[in-house]
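Okay, here's what each chain looks like letter by letter:
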Amino acid sequence: MGGLLAELGKKLAERWLTLLVLPGALYLATLITAVTLGHARPIDEHLMATRLDQWAMPGRTGRVVVLLAAFLLGSAAAGVAAQALAAMVERVWLAEGWGSWPPPLRQAAARLTRRRRSRWSGAVKGYHEAREEAAAALARARLEEAPASGAPGRAASLSRLDAARRRLRDIGTEEPERPTWMGDRMQAVAIRLDRELDLDLATVWPYLWLTAPETVRTEITAARETLGRATTLAGWGVLYAAVGALWWPGLIIAAAVFGTGWRRARTAVDAYAELVEATVRLRTAALAGDLGLEHTGPLGPATGKAVTDLLRHRGPVP
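Residues numbered from 1 in each chain as written. Predicted model: local features only at pLDDT ≥ 70, side-chain atom pairs only at ≥ 80, totals over all residues. Heavy atoms only, no water.

Caption draft 1: Representation of the overall build of the protein chain within the structure. A tally of regular secondary structure across the protein chain gives 10 helices and zero strands. The N-to-C order of helical and strand elements in the protein chain reads α-α-α-α-α-α-α-α-α-α. Considering the protein chain as a whole, with its 318 residues, one finds that 35% of them fall into the buried category. For the protein chain, the share of sequence-separated contacts (at least 6 apart) that also reach a separation of at least 24 residues comes to 69%. Accessible surface, the protein chain: about 18800 Å² in total, of which carbon and sulfur atoms supply 63%. (Helix = DSSP H or I, 4+ residues; strand = E, 2+ residues; numbered from the N terminus. Buried < 20%, exposed > 50% of the residue type's maximum accessible area, 1.4 Å probe, protein only. Contact = heavy atoms within 4.5 Å. Areas by Shrake-Rupley, 256 points an atom, 1.4 Å probe, with all protein chains shown as cover.)

Caption draft 2: Local environment of the packing of aromatic side chains. This model, assessed by the stated rule, comprises four aromatic pairs. Taking 5.9 Å as the distance between ring centres and 50° as the angle between the ring planes, the aromatic pair formed by Tyr27 and Trp236 counts as tilted. Of the two residues, Tyr27 sits in helix 1 (residues 2-37) while Trp236 sits in helix 8 (residues 214-246), which places them 209 residues apart along the sequence. Like Trp236, Tyr27 is buried. Seen in terms of ring centroids, Trp205 and Trp209 are 6.1 Å apart; in terms of plane orientation they differ by 40°. Their pairing is tilted. (Phe/Tyr/Trp six-rings, centres within 6.5 Å; stacked < 30°, edge-to-face > 60°.)

Caption draft 3: Seen up close, the environment of Ala245. Assignment of secondary structure puts Ala245 in helix 8. Judged by its relative accessible area of 57%, Ala245 falls in the exposed class. Measuring from C-alpha to C-alpha, the distance between Ala245 and Ala34 comes to 8.9 Å, with 211 residues separating the pair along the chain.

Caption draft 4: A look at the environment of Leu287. Along the chain, the position of Leu287 falls in helix 9 (residues 249-290). With a relative accessible area of 3%, Leu287 lands in the buried category. Separated by 77 residues in sequence, Leu287 and Leu210 have C-alpha atoms that sit 10.0 Å apart. Apart from the residues lying within four places of it in its own chain, the contact partners of Leu287 are Val204, Tyr207, Leu208, Thr211, Val307 and Leu311.

Caption draft 5: Region of the structure containing the nonpolar core. Core analysis: the biggest nonpolar cluster contains 18 residues, and Leu193, Leu201, Val204, Trp205 and Val280 have the highest contact counts within it. Per element, the largest residue contribution to this core is six residues, and it comes from helix 9. Not counting chain neighbours up to four residues away, the residues in contact with Trp205 comprise Ile220, Val276, Thr279 and Val280. If you look at the next biggest cluster of nonpolar residues, it comprises 12 residues, including Leu37, Leu239, Tyr240 and Trp247. (Core = buried A, V, L, I, M, F, W, Y, C linked by side-chain atoms within 4.5 Å.)

Caption draft 6: Summary view of a nonpolar patch on the surface. A contiguous nonpolar surface patch, about 230 Å² in accessible area, is contributed by Val238, Phe258 and Trp262. You can see Trp262 is positioned in helix 9. The exposure class of Trp262 is partly exposed, given its relative accessible area of 33%. (Patch = residues over 30% accessible without salt bridge, like charges linked within 9 Å, V, L, I, M, F, W, Y side chains within 5 Å. Salt bridge = Lys/Arg side-chain N within 4 Å of Asp/Glu carboxyl O.)

Caption draft 7: View of helix 10 (residues 301-311). Those residues of helix 10 that sit buried are Thr303, Gly304, Val307, Thr308, Asp309 and Leu311. His313 sits one or two positions beyond helix 10 and adopts a positive phi of about 65°.

Caption draft 8: Seen up close, the pattern of salt bridges. In total, this model carries 17 salt bridges according to the counting rule given. With a closest N to O distance of 2.5 Å, Arg224 and Glu90 form a salt bridge. Linking Arg224 in helix 8 with Glu90 in helix 3 (residues 61-94), this pair joins segments that are 134 residues apart in sequence. As a salt-bridge pair, Glu277 and Arg192 come within 2.7 Å of each other at their nearest N and O atoms. Taken together, the residues Glu277 in helix 9 and Arg192 in helix 6 (residues 181-197) connect sequence positions 85 residues apart. You'll find Glu277 and Arg192 in the same group, each marked buried. Through salt bridges with shared partners, a single ionic network connects Glu174, Arg192, Arg195, Glu196, Glu277 and Arg281.

Shape descriptors only; they carry no functional weight alone.
Structural data, given as structure tokens:
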């Protein structure tokens, strides 16, 4: 037991050092640089070196130890602050329950949602037009005596169709209901499962998670942790914006860190949503069997509704 506790303590210390202290130390060093140099002398190496020499003057070992301890504590505090900001950033990006946000944020979110819905409608129209154009180009090519002569036109039509499909996906895979792409990417999973399988994701998911194989849960957990790391990186970006208020190069750092976190979060949300939907479609039939419901053939709305009704403790609805 002592060896287990020692190993656990070691892992916790390594995690504390990696997640909090090291990023926090870098942030704190940047903050000290910002306070020392300011906007007037942003890249004055001589001034920074002079300050460091003053802090580490010989004969002041006790002061150096105190400063080092304060630096480590400040680094850990910065890490905790970054994680707290990451939770806020994730809430904004996923925008779940945005209708209950405070009035200024709720109104801004409503405007963004309407704007995204308008863009999505235009993208859907453009996609259908591009698809009809591609189908017409293919039909013309089949009627021509020399099909090769129509190849450039077909290629151009298919290229426009691919571009229209990418524009539509960049806005959303379903009609937007939230002010952010990431929020709609997650919401789209619930919308499709309700429309195609008559299945309520919020009701069924806990049971699917408990009965899913370990490999499935490992993949989903890894995707969720990737999202968490991305939002934490964005939280550091918010903290670096405070440095930018004192030292203008900090704004460049903040933009780079926050932008990287945002890009990684989009990728992570896409992967996470894909895994969740795949798990529901692949495992719901097995869950129905575990619950004692009869199921044969492909998964359909009848099974989805029966599973949802049973897990809601309402029983099948005639």
